[in-house]
Structure formats: structure tokens, C-alpha cells
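Chains, contacts and geometry: an overview
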Amino acid sequence: MKRILALALSATMVLSLAACVSAKAPVNTANAASDAVMVEDAKKLVGGWTHSTSPALTDEQHAIFDKALDGLVGSNVTPVAYLGSQIVAGTNHCFLCQSTAVYPDAQPSYVLVYVNEGLDGNATLMNIADLDIGSFCEYGDIENNDIEGGAVQIANPFVDYESLADAAQAAGFELTAPEAVKGYDTSKVIQVMSNRMIQIIFLDGNENRLFIRKEAGEADISGDYNEYDTEKVVTVNDCDVTFKGNAGTVSTAIWTRGGYSYAIYADVPLHTDVLTALVAQIT
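Quick look at the structure, then. (Residues numbered from 1 in each chain as written. Predicted model: local features only at pLDDT ≥ 70, side-chain atom pairs only at ≥ 80, totals over all residues. Heavy atoms only, no water.)

A short note on the side chain of Gln191
- Considering the arrangement of structural elements, one finds Gln191 in strand β7 (residues 187–193).
- The exposure class of Gln191 is buried, given its relative accessible area of 13%.
- A polar contact of 2.9 Å, which involves the side chain of Gln191, links it to the side chain of Asp160.
- There is a polar contact of 2.7 Å between the side chain of Gln191 and the side chain of Gln199. (Helix = DSSP H or I, 4+ residues; strand = E, 2+ residues; numbered from the N terminus. Buried < 20%, exposed > 50% of the residue type's maximum accessible area, 1.4 Å probe, protein only. Polar contact = N/O pair within 3.5 Å; in protein donor to acceptor, adjacent residues only side chain to side chain.)

Some thoughts on the packing of aromatic side chains
- This model, assessed by the stated rule, comprises 6 aromatic pairs.
- Residues Tyr82 and Phe95 carry aromatic rings whose centres are separated by 5.3 Å and whose planes lie at 70° to one another, so their mutual orientation is edge-to-face. With Tyr82 in strand β2 (residues 75–88) and Phe95 in strand β3 (residues 90–101), this pair connects stretches of sequence that are 13 residues apart. The same class applies to Tyr82 as to Phe95, namely buried.
- Here the aromatic rings of Phe211 and Tyr265 are separated by 6.3 Å at their centres, their planes lie at 45°, and the arrangement is tilted. Here Phe211, found in strand β9 (residues 209–216), pairs with Tyr265, found in strand β13 (residues 260–271); they are 54 residues apart in sequence, far enough to count as distant. Assigned by exposure class, Phe211 and Tyr265 land together as buried.
- Cluster of aromatic residues (ring-pair linked, three or more members): Phe65, Tyr82 and Phe95.
- Between Lys214 and the ring centre of Tyr260, over which it is positioned, the NZ or CZ distance is 4.5 Å. (Phe/Tyr/Trp six-rings, centres within 6.5 Å; stacked < 30°, edge-to-face > 60°. Lys NZ or Arg CZ within 6 Å of the ring centre and 35° of its normal.)

Regarding the environment of Val189
- Relative to the helices and strands, Val189 is located in strand β7.
- A relative accessible area of 24% means that Val189 is categorised as partly exposed.
- Placed 26 residues apart in sequence, Val189 and Ser163 show a C-alpha to C-alpha distance of 9.1 Å.
- Setting aside residues up to four positions removed in sequence, Val189 forms contacts with Asp160, Gln199, Ile200, Ile201 and Leu203. (Contact = heavy atoms within 4.5 Å.)

As for helix α3 (residues 59–68)
- Of the residues making up α3, those classed as buried are Gln61, Ile64, Phe65 and Ala68. Projection of α3 onto a plane perpendicular to its axis shows the buried side chains occupying an angular sector of 95°, all on one side.
- The elements touched by buried residues of α3 are β2, β3, β4 (109–117) and β5 (123–130). (Arc of directions from axis to C-beta.)

Let's talk about the pairing of β7
- Pairing between strand β6 (residues 158–161) and β7: 4 bridges, direction antiparallel. Within the sheet, the bridge partner assigned to Phe158 lies in β7 and is Met193.
- Bridge count for β7 against strand β8 (residues 197–203) is 7 bridges, and the pairing is antiparallel. By the bridge assignment, Ile190 is partnered in β8 with Ile200.
- Linking two consecutive strands that pair antiparallel, namely β7 and β8, is a turn of 3 residues; a positive phi of about 50° is found at Ser194 within it. (Pairing = 2+ DSSP bridges.)

Section: the sheet that holds β3
- In spatial order, the strands read β1-β2-β3-β4-β5; together these 5 strands make up an open sheet with antiparallel pairing. If you trace the sheet from one side to the other, it starts and ends with β1 (49–51) and β5, each paired once. Strand-to-strand twist across the sheet, computed as the mean angle between neighbouring axes with direction ignored, equals 35°.
- Relative to β3, β2 runs antiparallel, the two being bridged by 12 bridges. Directly across from Tyr82, in β3, lies its bridge partner Phe95. (Axes fitted to C-alpha atoms, helices over the stretch in contact; angles between N-to-C directions.)

Encoded structure:
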């Protein structure tokens, strides 16, 4: 649960930098180069979250929340603030809520509620994450602790590594993957998130990316909440792999093996045979 909060906070801090650039603003030649870098960084951010300009919920956001939580039992969940959104195939929304279990003398707590608003108008509850307000109350966790200067930054949960061997040492497990992927072989980034997930990002030179992820446990770690026309299970190396995609192509593959979760997500959809061959090389 804490991992979801750290990811959302990290992504929104990066994306907020890009909000400072306006296409309607007068051109400042002195800052043109830095502005171009900020725009480029924003384009490269996949699935980034945008802070809400106001925490107050609109009538439309209330309606989305109510529709998604209709039928929820066991707790009374009341939205307190609207925190932000993420554009996918539709929109993901994040609400700060007060949650009280339905039993005598139950004490309220605060949670983050994630809702997906589909293109068809439906709203689906994605996750309810406990918000432990004491988790981050420690000195020294801020990268730049110059509070008076207003330069406080949230620590990035992703750490870059030179090799998969170095990443494996940090994460405590190994990830085997191909050195290059056809169409995504110009360069790659190897990362570990919060010492629990290994991630490889293959780049194609045109801002398109292909992600390979591995984490202990059994969960969907793709980070892809898009809705697809086709979802099918394909057996690869005696393992059931779920393929998701449109028009005969596949954008996401998820599977579990030996106590670990795996995921592949591609900005540019792949043919089934290409993705099947790629899955077979990952352990």
C-alpha cells in the first residue's frame, strides 16, 4: 500500500515541472533551451499523474466516485479531497477519503481511493490504499532538506543501475531478460523500485518504450489500466500468460512464476508471436 503512495507522489512531482511550460507564453530566448528540456521530460513520462489544482470535489468527480463505490460493504468511505488524475484509455482518479469500518466504536482512518473512469462512462474501483500518516515522519528522508529555501524534494523510489547484476543485488533476486528487443534496441535503463521491483525500460529513440518488470508476489505489476478489445491466456514454457491488446496486437503481458510477478508493457503494440518469444526469454 505504501508503495502506491510513493509512486503517485514521485510521478506527480516530476509531472508538475512540465505544467510550468505554456504554449501561449511569450518566447524567452534565454530560457528556451531549459523549457525545451522540461517539455521533453514531460513527454517521456509514461502514465504520469497530474496534481489537482483544487482539492474540492466537483459534482462530476463526486458522481464518478459514487458510481465506482456503489455496492461497497464493510466500510463507510467518504471523499475528503480530490488529489489528481492520470490519463490512460479513460482517466484514473485519486481521492483522499475517510474510511470507517461498519462496527461499533470503529475509529476512522484515511485512505487513498483509486478509481478508473472508462471511455464508456463506467467507473470502476481500482484500489483502496491505507494511508499511514506516520510512515514518512523521519528526518533525513528528504533529498534536499532546505525547507526555508523552499527546495524540499520527495525522494524518487526508482534507482538506476549499470547492470542487471547490480540491480539484483539491490532487489534481492535476479531478473533474466534479453540484452535488446527488436525495435527497442538503441538504449535501455535498468532500475530498482524501493528495493522490491526490477524494471528494464527499452528505448527506440522516438520516445516509445517497452517495460519489463519483476517483483516478488502474485499481482498485476504492469501499471497498465487501459481497456482492450482482447484479453487471452497463452501458455509459454508451461506458464499461463495473459495477453491484452487490440486489433490482433498485444500491448501488455502479465504472468506469475515461482513466487514472482512479471509484466511487459509496450508503447507500440507487438504481434502475438513477437511477444510470446520475448516472454520465453524472461525469468
